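# Residue-level structural notes
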Amino acid sequence: MNRTLNNHETATDVYTVLPTVFDNVDDAVKQLKLDRRHKWFEFMGEVVYHYSYLQTCSGCDGGGCQECGYHGKARTGCPVPAIHPKTGNPVKVRVSNGG
Ligand SMILES: [Zn+2]
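The following paragraphs examine the structure supplied in this document.

## Comments concerning the overall build of the protein
- A count of helical and extended segments in the protein gives 1 helix and 5 strands.
- In sequence order, the secondary structure elements of the protein are arranged as β-α-β-β-β-β.
- Within the protein, buried positions represent 14% of all 99 residues.
- Of the contacts formed within the protein by residues at least 6 apart in sequence, a portion of 48% connects residues at least 24 apart.

## Brief notes about helix α1 (residues 25–32)
- Along α1, the residues that are buried comprise Val25, Ala28 and Leu32. Along the long axis of α1, the arc covered by the buried residues comes to 60°, so they all point the same way. Residues of α1 that are exposed and angled more than 90 degrees away from the buried face: Asp26 and Lys30.
- Check the buried side of α1 and you find it contacts β1 (21–22), β2 (40–43), β3 (46–56) and β5 (92–93).
- Positive phi appears at Lys33, one or two residues downstream of α1, with a value of about 50°.

The rules we used
All residue numbers refer to positions counted from 1 along the written sequence of the respective chain. Whole-chain, interface and lining totals are the exception, using all residues; otherwise, since this is a predicted model, local features are given only for residues with pLDDT of at least 70 and side-chain atom pairs are given and counted only at 80 or more. Secondary structure elements are taken from DSSP: a helix is a run of H or I of four residues or more, a strand is a run of E of two residues or more, and numbering for both begins at the N terminus. Counting other C-beta atoms within 10 Å of each residue's C-beta, where C-beta atoms are placed from the backbone, gives the exposure class: buried for 20 or more, exposed for 12 or fewer, partly exposed between. In this description, any two residues whose backbone-derived C-beta atoms lie within 7 Å of each other are considered to be in contact. In this description, one arc is meant: the one made by directions from the helix axis to the C-beta atoms.

Remember, this is a structural readout, not a statement about activity or role.
Encoded structure:
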């Protein structure tokens with residue numbers, strides 16, 4: 001996204017008030033306006049969502065085998081971190097459930 005800053009009353013400081021570390025995932029989702037279609041959660045101190053997709057089963061190359069339930073597809077995924085709009089780094093949360 002290209003933003004042209006022509007004068008000093010632009011929205012440059014919109015994000016400066018945002019913390020880079022949040023108390024919890026909810027706060028981060030609200031303040032950073034993260035996409036609510038994703039289910040955000042804390043993972044290793046970062047706000048992430050689980051990106052899951054189907055890929056061709058590596059066991060049978062899509063032909064179908066016991067491992068993939070004869071669908072030829074295997075569901076896989078990985079955690080994707082939320083990126084802070086200001087810093088460009090993954091959004092951090094304080095891990096509070098330590099005991
Ligand atoms: Zn298979």
